[in-house]
Amino acid sequence: DPQQLELVTSGKRKLRRFIVIDEVVDELYGSKVREYFEENNVQHKILALPTTEETKSMDLVLNILQEVQNFSIDRRTEPIIAIGGGVCLDIVGLAASLYRRRTPYIRVPTTLLSYVDASVGAKNGVNFLQCKNKLGGYTPPVASFLDRSFIQSIPRRHISNGLGEILKMALMKHKGLFDLLKSHGKYLLDTKFQSYSGSADNRDAALQTTRIAIETMLEELAPNLWEDDLDRLVDFGHLISPELEMRVLPSLMHGEAVNIDMAFMTYVAHARGLITAEEKEQIIQCMRGLELPVWHGGCSWPLIKRALRERLKHSGGQPRMPLPIGLGVAEIFNDTSEDILERAYKLWVRD
């Protein structure tokens, strides 16, 4: 907006920013963030909060909104900035969407999972009544700023966790991405997705994998941003995992729960004759190579049946089950019998 630009550049009005930062990220990068705003003469308020699945609640949203109100932002020209993992981005997105009906916000993801998943799309939300993301909305950010240097400070398990969501897109839409993960998975874990000159053998695998994962996610989300069509390939790994993740908190991270769901669904696809035994094995071995769990004792047969019943309630009475029909190709199925599911479950547990 030329008028806003004129206001800023003429110096008639001091720039102001309200920032919500995850408390762990604040310990690592908070001083740099403060230094940045001070050097650029920006009046700012930084709110450091514990943003975890256990604290992902409406209470935390209301705490943020109280502080936003105290700071008194201009809802047109002063975007709220969220710096943190997926939970932080989700909570701030919901808070921004509620304040004065919609206040612009900016996402700055600091984990691999949020970099390739939560930073993309319009959804935000919080947990409610022990159900994952039961309250939320669709309010896209005005921007997502992606910087892989944040990822170098997160633990190896968190890298693996993010690889679960990247693998989801590979299995659904992109065999080339699947091949990259198979070939370079260990390298990506070892280097924490940083780019190094002289790594010719790996052809900047970090840049390639993140770019393809985000592009395929955007391809899938952009035409259906508000989920008017409930047939969504990006739901792969998200049929059983919400129930599992909330049931066993905090023992599984989001990407790990998603991967356990994907592992079971890989067995379902094989039991249906959609993929060969060799393709099933390739997928499971790739998961192991990415150091992702392929089974969890909490994922019982009763839990699976309960999760799929819950799925029917919220997907128009159809399971809308995304399944691989090869490596990097998938379709949605509504006719998987309970017999096939149970047979797949028994084989999965046995293996």
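The numbers attached to residues start from 1 for each chain and follow its sequence in the written order. Local features in a predicted model are, by the rule used here, given only for residues with pLDDT of at least 70; side-chain atom pairs are given and counted only at 80 or more, and totals for whole chains, interfaces and linings are based on all residues. As a rule here, side-chain values come from all non-hydrogen atoms in the structure, and water together with hydrogens is ignored.

By the naming in an unreviewed UniProt entry, the protein goes by ARO1 protein and is assigned to Lophotis ruficrista. UniProt positions are given in the numbering used here, feature names are shortened, and annotations may be inferred rather than shown by experiment. Its UniProt record gives the protein a comment under Cofactor (unreviewed entry), which states: "NAD(+)".

Colleague: Help me get a handle on the packing of aromatic side chains, residues and values and all.
Modeller: The criterion for an aromatic pair is that two Phe, Tyr or Trp rings (for Trp, the six-membered ring) have centres within 6.5 Å, with stacked assigned to planes under 30 degrees apart, edge-to-face to planes over 60 apart and tilted to the rest. Taken as a whole and assessed by the stated rule, the structure comprises 7 aromatic pairs. On the basis of an interplanar angle of 80° and a centroid distance of 4.9 Å, the ring pair of Y29 and F150 is categorised as edge-to-face. One end of the pair, Y29, is in helix 2 (residues 23-39); the other, F150, is in the loop between strand 7 (143-144) and helix 6 (156-173), with 121 residues separating them in the sequence. Relative accessibility thresholds used throughout: buried, under 20% of the residue-type maximum; exposed, over 50%; partly exposed, between the two (1.4 Å probe, protein chains only). What makes Y29 buried here is its relative accessible area of 16%. Three or more aromatic residues joined by ring pairs form one cluster here, namely F264, W301, Y345 and W348. Strands here are runs of E lasting at least two residues and helices are runs of H or I lasting at least four, both read from the DSSP assignment and numbered beginning at the N terminus.

Colleague: Go over the layout of surface pockets, please, and point to the residues and values.
Modeller: Residues are called lining when one of their atoms sits within 4 Å of a cavity or pocket point, these points coming from a 1 Å grid over the protein atoms alone, where a cavity is a set in which a 1.4 Å probe fits but cannot get out and a pocket is an open set with protein on both sides within 12 Å along at least five of seven lines. Grid points are joined across faces, edges and corners, and a volume is the space filled by probe spheres set on the points. Size it by volume and the second largest pocket reaches roughly 550 Å³. Around the second largest pocket sit 20 residues that line it, and Y36, F37, I81, V108 and F145 are the ones nearest its centre. Taken together, the elements giving at least two residues each to the lining of the second largest pocket come down to helix 2, strand 3 (80-84) and strand 4 (105-109). Element by element, the count of residues in the lining of the second largest pocket is highest for helix 2, at 5 residues. Here the lining of the second largest pocket is composed, by residue class, of 15 nonpolar, 2 polar and 3 charged. For this classification, the nonpolar set comprises Ala, Val, Leu, Ile, Met, Phe, Trp, Tyr, Cys and Pro, the charged set comprises Asp, Glu, Lys and Arg, and every other residue, Gly included, is treated as polar.

Colleague: Please provide a residue-by-residue account of the environment of V61, values included.
Modeller: Note that V61 resides in helix 3 (residues 58-71). Residue V61 is classed as buried on the basis of its relative accessible area, which comes to 0%. Sequence-wise, V61 and L177 are 116 residues apart; in three dimensions their C-alpha atoms are separated by 36 Å. Leaving out residues up to four positions away in the same chain, V61 has contacts with I91, L94, A95, L98 and V126. For this analysis, residues touch if any pair of their heavy atoms sits within 4.5 Å.

Colleague: Account for the UniProt feature "domain: 3-dehydroquinate synthase N-terminal" (unreviewed entry) in the protein, with residues named and values stated.
Modeller: Under the UniProt annotation, the feature "domain: 3-dehydroquinate synthase N-terminal" (unreviewed entry) is placed at residues 48-160. A distance of 26 Å separates the end C-alpha atoms of residues 48-160, which is 35% helix and 25% strand.

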